[in-house]
Amino acid sequence: MTAGSQMNANNLHEPAAGFDFSNYLRNQNLLQTDGAAPKLKAKKTGTTIVGTVYAGGVVLGADTRATNDTEVAERNCEKIHYIAPNMYCCGAGTAADTENTTALISRQLELLRMDTARPSRLVTAVTLLKRMLFRYQGHVSAALVLGGCDLQGPHIYQIYPHGSTAKLPYTSMGSGSLAAMAVLESSWQENMTEDMAVQLVQRAIGAGIFNDLGSGSNCDICIIKTDGTVDYRRNAVKPNELAPLRAQVQRSGRLNMRPGLTPIIKSEFKPHPVVAAGGETAMEVE
Amino acid sequence: MMHSAESQNLKDGEVSTGTTIIAIPFQGGVVVGADSRTSTGSYVAVRTSDKIACLSDHIYACRSGSAADTQALTDYIRYYLQQLKIETGRPARVKSAAHLLQKLVYQNKDNLSAGMIVAGWDPVEGPAIYSIALGGTCLKVPFAFSGSGSLYITGLLDSEFRENMSKEEARALVKKALAHAMARDGSSGGIIRTVAITAEGNDRDYTSELPYGPVSY
């Protein structure tokens, strides 16, 4: 250790007299590696989310895998978030960021609906989201596909973490977006029926689930129609069921024992002695 | 390989309108044009984006650089011009829009990556084109071109530009120049969007038929 600090086993808990330079080496190290805060590595976020407009509304789709680097943190998470009765938002990126950002804007919109006595419009949600994300200069890692129907019709918007937005007839975001976009670009048509749109979204998400390591498990679908009804199909497609695989494992019968196998020889019940409050068993503090 | 000035200033993962934008004047107005490619790295995020932002009735801005920064800037200028119209009782001048934008870009030059062209028509100057570069330089120019793809068409525009063209001639020149730039610049592509701005009104158009494209040798 450098001169000035008195670090030995005897006086570990005593503060060193005078200046303490024990952080000097640490600061030197930091300056050498980066100088500032550790740079966040830019990565496409582990998710496939998709949105498309069809003749009668919009269809949103998402996979259900949440990852912690290469580990699957949650096998069946929900990535389609509620924004308003006529709007839902798929989120890719840091799960905490997407959930809290969408929840914040959802609450702001609800207050606005109370003030204006009107249903929310998508442009309002998009503007609120982009203003917030731009203010944070990309540090809030939320890449969103916002979809819904308002008085101006069905809309899909894509919103990037740095605050740029685009209005599109169909889009995909997340690490599986290239796989999903390949499906969308080959099969998307204008004025699809609801069934065609749902099939398309399921295939696009499926492309992400099977071809992207960051996406997997099941496919959630959300259909928002121009008449205002919402059909939220949680786990609409489950191509990665684990139960049949688990059932094939032969386990010993001793792991599943029914009640009653162990004979009871004797049974006795002794009530616990009740002690009066503030009695002789009170704790003594020195 | 040539790399654009914009690509050096973008943060990791930021969406870029690495682009080609042009403004050419004609008798009584201005034609502005842009490609439609928005990229994140080597992936085309949006292939049909609209880089020509309406600032007021007769003033448009073409955006290049960071998509987020330029969208935020044009939103601010649109708001300022609306305020100016209410306060002065007159539509804003192209010069005002350009200098408001210059102020924002210059004062935040450390945190922004935006190269823009402000063009339009006003009753004082008639057709006017201003080019605002990355650091906040605002220059009034007879015609403007900017973005990563503009480097490939400097010679073409210098030789083909003439004063007092008609609207159709100007539009054709814009499309020709953009098509050439899109053929050579990887960050430019998609469709060609054009807006013809005149005192009477604006005429928005797009085409996916490029007057010039990859040549088969």
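Note that the coordinates shown come from a computational prediction; the quantities given were computed from them, not determined experimentally. (Residues numbered from 1 in each chain as written. Chains lettered and ligands numbered in written order. Predicted model: local features only at pLDDT ≥ 70, side-chain atom pairs only at ≥ 80, totals over all residues. Heavy atoms only, no water.)

Moving on to the interface of chain B and chain A. Interface size is commonly expressed as the accessible surface area that is lost when the partners come together. Across the contact, 19 residues belong to chain B and 20 residues belong to chain A. Both sides of the chain B and chain A interface together cover about 1,500 Å² of buried area, and 54% of this is carbon and sulfur. Summed over the shared surface of chain B and chain A, the result is three salt bridges. A salt bridge links Glu185 of chain A to Arg47 of chain B, with the nearest nitrogen and oxygen atoms 2.6 Å apart. At the junction of chain B with chain A, the criterion picks out five residue pairs in polar contact (both at pLDDT 80 or more). Within the residue set of the side of chain B that touches chain A, elements represented by two or more residues are β5 (43-46) and α2 (67-88) of chain B. In terms of residue count, α2 of chain B provides more of the side of chain B that touches chain A than any other element does, six residues in total. Looking at the side of chain B that touches chain A residue by residue, the classes come out as eight nonpolar, five polar and six charged. (Contact = heavy atoms within 4.5 Å. Buried area = accessible area lost by both parts, 1.4 Å probe. Salt bridge = Lys/Arg side-chain N within 4 Å of Asp/Glu carboxyl O. Polar contact = N/O pair within 3.5 Å; in protein donor to acceptor, adjacent residues only side chain to side chain. Helix = DSSP H or I, 4+ residues; strand = E, 2+ residues; numbered from the N terminus. Nonpolar A, V, L, I, M, F, W, Y, C, P; charged D, E, K, R; others polar.)

What follows is about unusual backbone geometry. For Ser217 of chain A, which is not a glycine, the phi torsion comes out positive at approximately 65 degrees. On the secondary structure map, Ser217 of chain A appears in the loop between α5 (194-211) and β11 (219-225). Exposure remark for Ser217 of chain A: the relative accessible area of 10% places this residue in the buried category. The phi angle at Asn164 of chain B is positive, at roughly 55 degrees, despite the residue not being glycine. Looking at the element boundaries, Asn164 of chain B is found in the loop between α4 (154-160) and α5 (167-184). Owing to a relative accessible area of 57%, Asn164 of chain B belongs among the exposed residues under this scheme. (Buried < 20%, exposed > 50% of the residue type's maximum accessible area, 1.4 Å probe, protein only.)

All right, on to the confidence of the model for chain A then. Residues and elements named next belong to chain A. Of all residues in chain A, 87% attain a pLDDT of 70 or more, and the chain-wide mean is 89. Throughout residues 1-7 the model reports pLDDT below 50, and contacts reaching past four residues in sequence, or to other chains, amount to twelve contacts. When the criterion is pLDDT under 50, residues 40-44 qualifies, and its contacts beyond four places in sequence or with other chains add up to eight contacts. (pLDDT = per-residue confidence, 0-100.)

As a volume, the second largest pocket reaches approximately 1,200 Å³. Taken together, 42 residues make up the lining of the second largest pocket; nearest its centre are Thr165, Ala166 and Lys167 of chain A together with Ser49 and Asp50 of chain B. Per-class residue counts for the lining of the second largest pocket are 20 nonpolar, eleven polar and eleven charged. (1 Å grid on protein atoms, 1.4 Å probe; cavity = no way out; pocket = protein on both sides within 12 Å on 5 of 7 lines; lining within 4 Å. Points joined across faces, edges and corners; volume = space filled by probe spheres on them.)

Here the focus is empty space enclosed by the protein. Summed over all chains, the structure comprises one cavity of 30 Å³ or more. Here the largest cavity is characterised by a volume of approximately 30 Å³. Around the largest cavity sit Gln158, Tyr160, Leu168, Thr171, Ser172 and Met181 of chain A together with Tyr43 and Ala45 of chain B, which together line it.

Residue and element names in this part refer to chain A. Here helix α2 (residues 95-116) spans 31 Å end to end across 22 residues, near enough to the 32 Å set by a 1.5 Å rise per residue. Every buried residue of α2 is listed here: Thr98, Thr101, Thr102, Ile105, Ser106, Leu109 and Arg113. Here the buried residues of α2 occupy an arc of 135 degrees about the axis, which is enough to place them on one side. Relative to its buried face, α2 has exposed residues pointing more than 90 degrees away, namely Asn100, Arg107, Leu111, Met114 and Asp115. Looking one or two residues past α2, Ala117 carries a phi angle of roughly 55 degrees, positive in sign. (Expected span 1.5 Å × (residues − 1). Arc of directions from axis to C-beta.)

A few words on the pattern of salt bridges. Scanning the entire structure with this criterion turns up 20 salt bridges over all chains. Here Arg131 of chain A makes a salt bridge to Asp75 of chain B, at a shortest N to O gap of 3.0 Å. One end of the pair, Arg131 of chain A, is in helix α3 (residues 122-135); the other, Asp75 of chain B, is in helix α2, on a second chain. Judged by relative accessible area, Asp75 of chain B falls into the buried class, the value being 18%. One salt bridge in this structure joins Asp205 of chain B and Lys175 of chain B, with 3.8 Å as the shortest N-O distance. A residue pair is termed long-range when its members are at least 10 positions apart, and Asp205 of chain B in strand β13 (residues 202-207) and Lys175 of chain B in helix α5 qualify at 30 residues. Connected through salt bridges with shared partners, the residues Lys130 and Arg131 of chain A together with Asp75 and Arg78 of chain B form a single ionic network.

If you look at the biggest cluster of nonpolar residues, it comprises 24 residues, and the most contacted ones within it are Leu55, Leu73, Leu101 and Val118 of chain B. Residues within four places of Leu55 of chain B in sequence aside, it is in contact with Tyr60, Ala61, Thr74, Ile77, Arg78, Leu81, Ala97 and Val118 of chain B. Ala92 and Met173 of chain A together with Val15 and Ala67 of chain B belong to the second-largest nonpolar core, a separate cluster that totals 23 residues. (Core = buried A, V, L, I, M, F, W, Y, C linked by side-chain atoms within 4.5 Å.)

Moving on to the sheet that holds strand β11 (residues 144-146) of chain B. Residues and elements named next belong to chain B. The antiparallel open sheet is built from five strands, whose spatial order is β11-β2-β3-β12-β13. Both edges of this open sheet fall to β11 and β13, since each of them pairs with a single strand only. Sheet twist, expressed as the average angle between the axes of neighbouring strands with direction ignored, equals 15 degrees. When strand β3 (residues 29-34) meets strand β12 (residues 192-198), the two strands line up antiparallel, connected through six bridges. Within β12, the residue paired with Gly29 across the bridge is Thr198. Each of β2 (21-26), β3, β12 and β13 touches α5; the most contacted strand, β12, lies at about 155 degrees to it. (Pairing = 2+ DSSP bridges. Axes fitted to C-alpha atoms, helices over the stretch in contact; angles between N-to-C directions.)

Right, let's talk about the side chain of Ser217 of chain A for a bit. At a separation of 2.7 Å, a polar atom in the side chain of Ser217 of chain A contacts the main-chain carbonyl oxygen of Arg75 of chain A. Among all residues touching Ser217 of chain A, those that are not within four sequence positions of it are Thr64, Arg65, Arg75, Ile209, Pro239 and Asn240 of chain A.

Residue and element names in this part refer to chain B. The geometry of α2 relative to helix α3 (residues 94-107) is characterised by a closest axis approach of 10 Å and an angle of 135 degrees between their N-to-C directions. When the interaxial angle is binned, α2 and α3 end up oblique. Along this stretch, α2 crosses α3, giving a crossing that reads as right-handed. Where α2 abuts α3, its residues Leu73, Tyr76, Ile77, Tyr80, Leu81 and Leu84 lie against Ser96, Ala97, Leu100, Leu101, Leu104 and Val105. When the residues that make up the contact of α2 with α3 are grouped by side-chain class, the tally is eleven nonpolar, one polar and no charged. (Parallel < 35°, antiparallel > 145°, perpendicular 65-115°, else oblique. Left-handed = near helix turned anticlockwise from the far one by under 90°.)

Residue and element names in this part refer to chain B. Per the UniProt entry, the sites bearing "active site" (unreviewed entry) are Thr19 in this numbering. Locating Thr19 in the fold gives a position in the loop between β1 (16-17) and β2. Exposure remark for Thr19: the relative accessible area of 0% places this residue in the buried category. Apart from residues lying up to four places away in sequence, Thr19 is in contact with Asp35, Lys51, Arg63, Ser64, Ser146, Gly147, Ser148, Gly149, Ser150, Asp185, Ser187 and Ser188. (UniProt positions renumbered as here; feature names shortened; annotations may be inferred.)

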